[in-house]
Amino acid sequence: MNLLFGRLGWTDTPFAELIAHPSVNTAVASGAAGLVILGALVTTVLLTRYRLWVPLFRDWLTSVDHKKIGVMYIVLALVMMSRGVAEGAVMRAQQGTALAGGFLSADHFAQLFSTHGTIMIFFVAVPMIVGLINIAVPLQIGARDMAFPVMNQVSLGLTASGAALMMISLVIGQFATGGWTNYPPYTGLAFNPGVGPDYWLWAILISGVGSMLSGINFAVTIYKKRAPGMHYMRMTLFTWTSLCTAIMLIYAMPPLTVSSAMLALDRLLGFHFFTNDLGGNMMNYANIFWMFGHPEVYVLVLPAYGVWSEVASTFSGKTLYGYTSLVLATMAIAVISFTVWLHHFFTMGQSSSVNIAFGIATMVIAVPTGVKVYDWMATLWRGRIRLTVPMIYLLGFFMLFVIGGMTGMILANPSIDYQVHNSTFLVAHFHNVLIPGVLYGVLAGIHYWFPKVFGFRLDERLGRVTAGLWVVGFSLTFFPLYVLGLMGMPRRLPDFDDSAYGPWVTVAGIGALVVLAALAMIFFTFWYSIRHRDRFAVPLGDPWDGRTLEWSVAAPAPEWNFARLPQVRQVDDFWRAKQDGRAYAPIEEYEDIVMPRSTAFGLVIAVASFCMGFGIIWHIWWFAALGFVAIPAAMIFRVFRTDTERTIPAAEVREKTEAWLAAVHAATPVTRDEEDTPANRGRAVFEGNPA
Ligand code: HEA
Ligand code: HEM
Ligand SMILES: [Cu+2]
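Residues numbered from 1 in each chain as written. Chains lettered and ligands numbered in written order. Predicted model: local features only at pLDDT ≥ 70, side-chain atom pairs only at ≥ 80, totals over all residues. Heavy atoms only, no water.

For the protein, an unreviewed UniProt entry supplies the name Cbb3-type cytochrome c oxidase subunit I and the organism Devosia oryzisoli. UniProt annotates the protein under Sequence similarities (unreviewed entry) with the comment "Belongs to the heme-copper respiratory oxidase family." (UniProt positions renumbered as here; feature names shortened; annotations may be inferred.)

Structure below.
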């Protein structure tokens, strides 16, 4: 232990390990570390080569525009997802070759499922969802920005800082082996003195605060920043689900922060909250963690349900069937989800009557979820269906998610759960809700809102192939796990010698290859669409014949979103406005618009919190102190700034808006009959002459 580097030594890299013990296992670890380093180098070279550092800093990293922050969240999530999916595939390869001896050590496999689970939940699903909410909600409620734009940037910074800790754990030291739940006492000092659990703890502590702040920001934005006339029962369903998710984040994140902080105290200062002796009890961890953990999965899935609502209604050309029931179902799921956490440990010793109570509470969630599924189906019924990419994802969701939900119902029976708890049946269940439920929803949302942010849409053909690959890839990879689970295969199993597992893990392995192809296709779709962006341009801003406010402005949406705040009269206001000629009305008087000024505050907080986390993990106390002091210092400095706002002159707003309005009015109106052609021709799709 030394003062300068704490417990960090030269041998704490996978490369040193590779030299000391050359094997396929250590080579894989070094390869992964090499990829991280290579990725960082290539990014640096490209940014320098194309002189992008300044634009990156000026237009993105210091921006407080909710749309840009949303995009950065999603980019972060896509980077992390590439790692997460690759890790999933490596685990499948290990189990696929286990009968022949495999190629990974048990410890390495344990790190893989721990990083994979942690990354997928906290650094893929959460940022994807938060990113979409950032992009869509202010536009849908007719606002110019978030309630707290700078805090929004801080949330992103904290999330990125946690993600950076995850990435650096590949290169320096190693990650935890305790799964995404990091249960003590296994992760306590007695069993795990290394840095692994500390990486988990500080990545979660730092990003968790960011998520809670996001929740506050979203809730206040939706409460306070709605346009005139945007009553609660006129909001879009995506906004409703975002509001429920925001409230859930506010209540669910603190338990996670508390359980993690308590475990950190156990590890750093010898507290005994969760040890087996000296008064500790790990059941406290299990309870507090799952008080977060269960609501968390609905935090993720509710906004995806919101996307399905938008998609179903837009692409069947109908107002949502059962609007009120969808709102009430969302609220019911949000509330009930706080009463079911114990179903994650039915087998951990409480009496059967307690188990039964929680089992029943769990099953009750099927009712509001079913209401939603039937409402979406009724929305499609007799609609003018357009099979766009988001609709393909919706169909995949209908087929697959319902199966995953049903297996959840099976697990909710304590007596059945005793048989399949912690088997791959469970692994199949949760991937079956997370991938078709959350991931498909997010991908559908990206396809749907991409043109609004960038002014051009993504290629439909490639998007369809990608969606198809996700449906096939998911099914091949995860349905075999139900069978394996019923055969008795436990989760988190690095190797086995029961040859009966062989065929099923082989199929799952092939499925993982298809999923890898689907991942590659996502990036190819982006690349191809960006290259041909002129062909895909939709400057008028309404490529899907949209129904809600975000489609009533140009694409890309101007920085101020709305030149004049809209006056809302009903659900699907923009759609009705297009029909009775109110849409695209001329604006008589333009006004100056005050917007928040760009700032590096979030960036400073991100770097400082990273230093603090990294310092504590490695016991490099001076480094930790530096970060710890920099955070309040930056806050105090920020409080004294007075030049935090910037006025956009009315003339500038007028010029941009009038040019766009003129283009809209010059475009050929598309009549109902022509609408069956691909709906995304780059012109406004509306009926009649709006002038
Ligand atoms: C987005 C994520 C998500 C979602 C939506 C769900 C949804 C549900 N989950 Fe799942 N679950 C997870 C993510 C998710 N889960 C994760 C990550 C874990 C494991 C964590 C770990 O241990 O690592 C887990 C674990 C888990 C367990 C613990 C099992 C164990 O550890 O042994 C249980 C037990 O009750 C459960 C139940 C349910 C139920 C009842 C639903 C319900 O909400 C499903 C409701 C939906 C339907 C039922 C389908 C649609 C409904 C209809 C068409 C209406 C008609 C149907 C009926 C009337 C039945 N889940
Ligand atoms: C896309 C392809 C994916 C593949 C191939 C894959 C594969 C795997 C594998 C092999 C495991 C270990 C299973 C075991 O313990 O036996 C696992 C665990 C897990 N996965 Fe995935 N997965 C994928 C996507 C996702 C996604 C999108 C999410 C979340 C949004 C996710 C969340 C998890 C979680 C939470 C765990 C549990 C980790 C733990 O045991 O602590 N996965 N996955
Ligand atoms: Cu749960």
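K.L.:
Explain empty space enclosed by the protein to me, please; I cannot follow it from the model alone.
P.N.:
Unfilled space is identified by rolling a water-sized probe across the atoms. Here the structure, examined in full by the defined rule, presents 7 cavities of 30 Å³ or more. Of the volumes computed, that of the largest cavity is approximately 130 Å³. For the largest cavity, the lining is made up of 16 residues, of which E310, S313, L320, T548 and D572 are closest to its centre. Here the lining of the largest cavity gets 4 residues from one element, more than from any other, and that element is helix 9 (residues 282-315). Split by residue class, the lining of the largest cavity holds 6 nonpolar, 6 polar and 4 charged. By volume, the second largest cavity is sized at about 110 Å³. In terms of lining, the second largest cavity is formed by L78, Y393, L443, I446, H447, L458, G463, T466, M521, I522, T525 and F526. (1 Å grid on protein atoms, 1.4 Å probe; cavity = no way out; pocket = protein on both sides within 12 Å on 5 of 7 lines; lining within 4 Å. Points joined across faces, edges and corners; volume = space filled by probe spheres on them. Helix = DSSP H or I, 4+ residues; strand = E, 2+ residues; numbered from the N terminus. Nonpolar A, V, L, I, M, F, W, Y, C, P; charged D, E, K, R; others polar.)

K.L.:
Can you walk me through the packing of helix 12 (residues 366-380) against helix 13 (residues 389-411) in this structure?
P.N.:
Between two packed helices, the angle of one axis relative to the other and the distance separating the axes together describe the packing. At a closest axis distance of 12 Å, the pairing of helix 12 and helix 13 adopts a crossing angle of 155°. Looking at the two axes, helix 12 sits roughly antiparallel to helix 13. You can see that helix 12 and helix 13 cross each other, and the crossing is left-handed. Along the contact surface, helix 12 presents A366, T369, V373, W376, M377 and L380, while helix 13 presents M391, L394, F397, F398, F401, V402 and M409. Of the residues assigned to the contact of helix 12 with helix 13, the class counts are 12 nonpolar, 1 polar and no charged. (Axes fitted to C-alpha atoms, helices over the stretch in contact; angles between N-to-C directions. Parallel < 35°, antiparallel > 145°, perpendicular 65-115°, else oblique. Left-handed = near helix turned anticlockwise from the far one by under 90°. Contact = heavy atoms within 4.5 Å.)

K.L.:
I keep staring at the site of ligand 1 and nothing clicks. Help me out?
P.N.:
Of all residues adjacent to ligand 1, which total 29 residues, the nearest are W180, Y298, D417, H421 and H429. The separation between an oxygen atom of ligand 1 and a polar side-chain atom of H343 is 3.4 Å. In this structure, R491 approaches ligand 1 through a side-chain N or O atom, which is 2.8 Å from an oxygen atom. Contributions of two or more residues to the shell around ligand 1 are made by helix 9, helix 12, helix 13 and helix 15 (424-454). Taken together, the residues of the shell around ligand 1 sort by class into 18 nonpolar, 9 polar and 2 charged. (Near = heavy atom within 4 Å. Polar contact = N/O pair within 3.5 Å; in protein donor to acceptor, adjacent residues only side chain to side chain.)

K.L.:
What should I look at first to understand the pattern of salt bridges in this one?
P.N.:
Pairs can form between side chains of opposite charge whenever their charged atoms are close. With the rule as written, the count across this model stands at 15 salt bridges. Between D542 and K578 there is a salt bridge, with the nearest N and O atoms lying 2.7 Å from each other. In this pair, D542 is assigned in the loop between helix 17 (502-531) and helix 18 (573-579) and K578 in helix 18, connecting sequence segments 36 residues apart. Across the pair, K578 and D542 agree in class, each one buried. With a shortest N-O distance of 3.8 Å, D573 and R582 are connected by a salt bridge. Relative accessible area serves as the criterion here: at 24%, R582 is assigned to the partly exposed category. Because the salt bridges share partners, they merge into one network encompassing R7, D198 and R267. (Salt bridge = Lys/Arg side-chain N within 4 Å of Asp/Glu carboxyl O. Buried < 20%, exposed > 50% of the residue type's maximum accessible area, 1.4 Å probe, protein only.)

K.L.:
Explanation requested: the coordination of the iron atom of ligand 2 in the structure shown.
P.N.:
For a metal with four tetrahedral donors the ideal donor-metal-donor angle is 109.5 degrees, while six octahedral donors give ideal angles of 90 or 180 degrees. Those protein atoms acting as donors to the iron atom of ligand 2 are H116 (NE2) and H431 (NE2), and they sit at 1.9 to 2.0 Å. Given 6 donor atoms and angles of 87 to 179° at the metal, the environment of the iron atom of ligand 2 is assigned as octahedral. Taken together, the residues span a long stretch of sequence, with H116 in helix 5 (residues 106-140) and H431 in helix 15 at a distance of 315 residues. Residue classification places H116 among the buried residues on the basis of a relative accessible area of 13%. Taking the relative accessible area as the measure of exposure, H431 reaches 13% and is therefore buried. (Donors = N, O, S within 2.8 Å, 3.2 Å for Na, K, Ca; no water. Tetrahedral: all angles 85-135°; square planar, octahedral: opposite > 155°, others 65-115°.)

K.L.:
Hey, could you run me through the coordination of the iron atom of ligand 1 in this one?
P.N.:
Looking at the protein side alone, the iron atom of ligand 1 has one donor only, H429 (NE2), at 2.2 Å. Between the iron atom of ligand 1 and the copper ion (ligand 3) the interatomic distance comes to 4.7 Å.

K.L.:
I would appreciate a short explanation of the domain arrangement of the protein in the present structure.
P.N.:
A common way to state how big an interface is: give the accessible area lost once the parts meet. Domain assignment breaks the protein into domain 1 (52-599 + 644-674) and domain 2 (600-635). For domain 1 and domain 2, the distance between their C-alpha centres works out to 28 Å. If you look at the interface, domain 1 gives 21 residues, while domain 2 gives 16 residues. In total, about 1600 Å² of surface goes out of reach between domain 1 and domain 2, with carbon and sulfur atoms giving 82% of it. For the pair domain 1 and domain 2, the number of links is 0 salt bridges. Counting the contacts that link domain 1 with domain 2 gives 6 residue pairs in polar contact (both at pLDDT 80 or more). Elements represented by at least two residues in the side of domain 1 that touches domain 2 include exactly helix 3 (53-61), helix 6 (149-171) and helix 7 (196-224). Per-element accounting of the side of domain 1 that touches domain 2 gives the leading share, 9 residues, to helix 6. Class assignment for the residues of the side of domain 1 that touches domain 2 results in 14 nonpolar, 6 polar and 1 charged. (Domains from an automatic or database assignment. Buried area = accessible area lost by both parts, 1.4 Å probe.)

K.L.:
Even after reading the chapter, I still don't get unusual backbone geometry, so can you show me in this structure?
P.N.:
Trans peptide bonds make up most of the peptide bonds, and negative phi angles are found at most residues other than glycine. P184 connects to P185 through a cis peptide bond whose omega is 0°. With an omega of -5°, the peptide bond between A555 and P556 qualifies as cis. Despite not being glycine, Y584 shows a phi value in the positive range, around 55°. Checked against the element boundaries, Y584 lands in the loop between helix 18 and strand 1 (593-596).

K.L.:
Before we go on, may I ask you to explain the site of ligand 2 in this structure?
P.N.:
Around ligand 2, the structure places 21 residues, and the nearest of them are H116, W180, H431, R491 and R492. The contact in question runs from a nitrogen atom of ligand 2 to an N or O atom on the side chain of H431, over 2.8 Å. Between ligand 2 and R491 there is a distance of 3.1 Å, counted from an oxygen atom to a side-chain nitrogen or oxygen. Elements that contribute at least two residues to the shell around ligand 2 include exactly helix 4 (66-96), helix 5, helix 15 and helix 16 (460-486). In terms of residue class, the shell around ligand 2 is made up of 13 nonpolar, 5 polar and 3 charged.

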